[in-house]
Amino acid sequence: MKRTLAFVLALCLLCPTVALAKDNAPVYTLPTKGVTVLQSEAARAPAPAADTAPHAAIPGESPITGLPWQGDYRPMLAHINHSEGSEKVGKTTVKAFGIGKATPWGLQYADILYEELLFVGGYTRITALFSDCFAQGQPAGGMGPVRSCRIGPLLLRSEWQAGVVYAGGEGSFWLRDGIAVPTPEEDAAVAQGAFMNLFSAKYEALRYRVRGVKAPANLNIDLPGLRATLDPAFTSTPHAFLFTDQADRGEAYAPARTVHLDWGRDESVTHFVYGAASGGYLRYCGPGLNAAKWAKYAPYAGAEARDEADRVQSAYANLIVQRVDYTLENSSKLRPIVQSVGSGNADLFIGGRYIPGTWARPSLDAPTVFYDDQGNELRLNRGKTYIAHFPTDAMCAYAAD
């Protein structure tokens, strides 16, 4: 698989970068009055060379969230549908990805939620990283809807040494003869069951289609059960984040109570509102800057727990906008490939403040390290993290209130 990833990485370098001034240009729709816009900024001073040696995990503390935790560290990644739904907010019908009948379930148990482009034009998809929850046997009510894989989740699998769950797509054909041959190192991960294509009969008892939810975005999985299928010899080495108990980073940084991400399409516009009582940034969806016309991004508790009372609004202690380039496989707008190896700017929102930072990931097997504006490795607040693999020219905006 390492040779596979190296092959695709080389392919990415040969593919054209998404050209925003030409036919593939996203159309950014958010107004700019009253907000600070971050877009197409020059590269910031490079961070020092990333120390890729994993930080030692602290006993009793999760290496991913910094919260109290005891457990077997074998994280899992799942590739999650993010299609359009609609909800009534007051007298307004809001159309956005991940709401209404397209609402996912079980994502409140994820420690990190990654979002990246699925198609050029602002369509996105989510990859969720789960670890802490397994100590409590969660998500007990299932998780989904799982969809076909793309290259991004496979690059994340290499970074996290995780099991990765998907339903067909890239992950199923990368290993075919003529595309690439796994190296002995990754042969072990394949043999140990780290690549979980749900269309395999092996996982039939651990998946089902949810009635009343439109296919194909209705595939529910037993994530703890899938994790249990990993060979006992499968191991993951933690690369612990650094954490701090100083939630507010101080007046040296601009206040940022609201943050807006415009991926290039009304339906994918996302808003985050900070509140100390909520534990971080609460997520909303909907076009424009009028909060009264936003819908809550609130996954259901489980596949069958689908009443309004069963929804849990997503909140993140750390909001990271990782600026990345995308290339196009065979010049196709349907095949953007995230460039998550390398370095670049990072817009960091923590404790209601904005920190202009950077990121670095020197190789496929190395962790992504985030740095603050002083060149120091970023210390996260304890809790869940949202990471947007956000195009370098896409519009991020924030405001003090």
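Provided above is the structure to which this section pertains.
Numbering of residues starts from 1 in each chain and follows the order in which that chain's sequence is written. The predicted nature of this model means local features are confined to residues of pLDDT at least 70 and side-chain atom pairs, given and counted, to a pLDDT of 80 or more, with totals for whole chains, interfaces and linings taken over all residues. Neither water nor hydrogens contribute to the side-chain values; these are computed over all heavy atoms in the structure.

Asker: I'd like a description of the side chain of Ser131, backed by residues and values.
Answerer: Of note, Ser131 is situated in the loop between strand S6 (123-130) and helix H2 (151-160). Among the residues examined, Ser131 registers a relative accessible area of 3% and is labelled buried. Discounting chain neighbours no more than four positions away, the residues touching Ser131 are Ile64, Trp69, Tyr73, Pro75 and Asp111. Helix and strand labels come from DSSP, where a helix needs a run of H or I of at least four residues and a strand needs a run of E of at least two; each type is numbered from the N terminus. With a 1.4 Å probe rolled over the protein chains alone, any residue whose accessible area is under 20% of its type maximum counts as buried; one over 50% counts as exposed, and the rest are partly exposed. We call two residues contacting when some pair of their heavy atoms lies within 4.5 Å.

Asker: Pulling in residues and values, what's your account of the packing of aromatic side chains?
Answerer: For this analysis, a ring pair means two rings from Phe, Tyr or Trp (six-membered ring only for Trp) whose centres lie within 6.5 Å, classed as stacked if their planes differ by under 30 degrees, edge-to-face if by over 60, and tilted for the remaining angles. Under the criterion given, the structure shown has 13 aromatic pairs. Taking the centre distance of 5.1 Å and the plane angle of 55° together, the rings of Tyr274 and Tyr281 count as tilted. When its relative accessible area of 0% is taken as the criterion, Tyr281 is described as buried. The rings of Phe97, Phe119 and Tyr123 are connected pair by pair, giving a single aromatic cluster. Any Lys NZ or Arg CZ found within 6 Å of a ring centre and within 35 degrees of that ring's normal is scored as a charge over the ring. Stacked on the ring of Tyr297, the Lys or Arg Arg283 has its end atom at 4.1 Å from the ring centre.

Asker: Explain H2 residue by residue, including any values.
Answerer: Counting buried positions over the 10 residues of H2 gives 10, a clear majority of the element. For H2, the complete set of buried residues consists of Ile151, Gly152, Pro153, Leu154, Leu155, Leu156, Arg157, Ser158, Glu159 and Trp160. Phi turns positive, to about 55°, at Gln161, one or two residues after H2.

Asker: For the side chain of His79, give the residues involved together with the corresponding values.
Answerer: Mapping His79 onto the fold places it in strand S2 (residues 76-80). Here Thr127 takes part through its side chain, which lies 3.1 Å from a polar atom of the side chain of His79. In this structure His79 touches Arg125, Ile126, Thr127, Pro145, Val146, Arg147, Ser148, Cys149, Arg150, Pro153 and Val165, once residues within four positions along its chain are discounted. We call two N or O atoms a polar contact when they sit within 3.5 Å, provided that within protein one can donate a hydrogen and the other can accept it, with sequence-adjacent residues counted only if both atoms are side-chain atoms.

Asker: Residue-level account of the nonpolar core, with values.
Answerer: Core analysis: the largest hydrophobic core is formed by 89 residues, its most contacted members being Phe130, Trp160, Val165 and Phe349. Among the elements that make up this core, the one with the highest residue count is H2 (5 residues). Within this scheme, the nonpolar core is defined by two criteria: the residues are buried Ala, Val, Leu, Ile, Met, Phe, Trp, Tyr or Cys, and they are joined through side-chain atoms within 4.5 Å. Core analysis: the second largest hydrophobic core is formed by 6 residues, Leu30, Val35, Met395 and Ala397 among them.

Asker: Describe in detail the layout of surface pockets, supporting the description with residues and values.
Answerer: In this analysis, the protein atoms alone were mapped onto a 1 Å grid. Cavities are point sets where a 1.4 Å probe fits without being able to get out; pockets are open sets with protein on both sides within 12 Å along at least five of seven lines; lining residues have an atom within 4 Å of a point. Grid points are joined across faces, edges and corners, and a volume is the space filled by probe spheres set on the points. In this model, the largest pocket occupies a volume close to 330 Å³. Around the largest pocket, the lining is made up of 16 residues, and of these Ser83, Lys101, Ala102, Lys214 and Ala217 lie nearest the centre. Side-chain classes follow a simple rule in which Ala, Val, Leu, Ile, Met, Phe, Trp, Tyr, Cys and Pro form the nonpolar group, Asp, Glu, Lys and Arg form the charged group, and the remainder, Gly included, forms the polar group. Considering only residue class, the lining of the largest pocket consists of 7 nonpolar, 4 polar and 5 charged.

Asker: Break down the pairing of strand S5 (residues 112-119) for me, citing the residues and quoting the values.
Answerer: Look at any regular strand and the pattern is simple: side chains alternate between the two faces of the sheet. Here S5 lies mainly inside the structure; 7 of its 8 residues are buried. Two strands qualify as a pair provided DSSP detects at least 2 bridges between them. Where S5 meets S6, 7 bridges bridge the pair, whose relative direction is antiparallel. Bridge pairing links Leu113 to Ala128 in S6. The hairpin turn running from S5 into S6, its antiparallel successor, is 3 residues long, and Gly121 in that turn takes a positive phi close to 115°. Sheet topology places S5 next to strand S25 (residues 385-391); 4 bridges connect them, and they run parallel. Residue pairing across strands places Glu115 opposite Ala388, the latter belonging to S25.

Asker: Talk me through empty space enclosed by the protein; I want residue IDs and the actual numbers.
Answerer: As enumerated under the stated definition, the model contains 4 cavities of 30 Å³ or more in all. Its volume calculated, the largest cavity comes out at about 110 Å³. If you trace the largest cavity, you find 15 residues lining it, with Glu116, Leu117, Arg150, Ile151 and Pro336 closest to the centre. Put simply, the parts of the chain that give the lining of the largest cavity at least two residues each are S5, H2 and strand S20 (336-338). Looking at the lining of the largest cavity, its residues break down into 7 nonpolar, 2 polar and 6 charged.

Asker: How would you explain the environment of Val165 if you had to name every residue and give the values?
Answerer: Along the chain, the position of Val165 falls in strand S7 (residues 163-166). With a relative accessible area of 0%, Val165 lands in the buried category. With 29 residues separating them along the chain, Val165 and Ala194 place their C-alpha atoms 8.4 Å apart. What Val165 contacts, discounting residues up to four positions off in sequence, is Met76, Leu77, Ala78, His79, Val146, Met196, Leu198, Ile221, Leu223 and Leu226.

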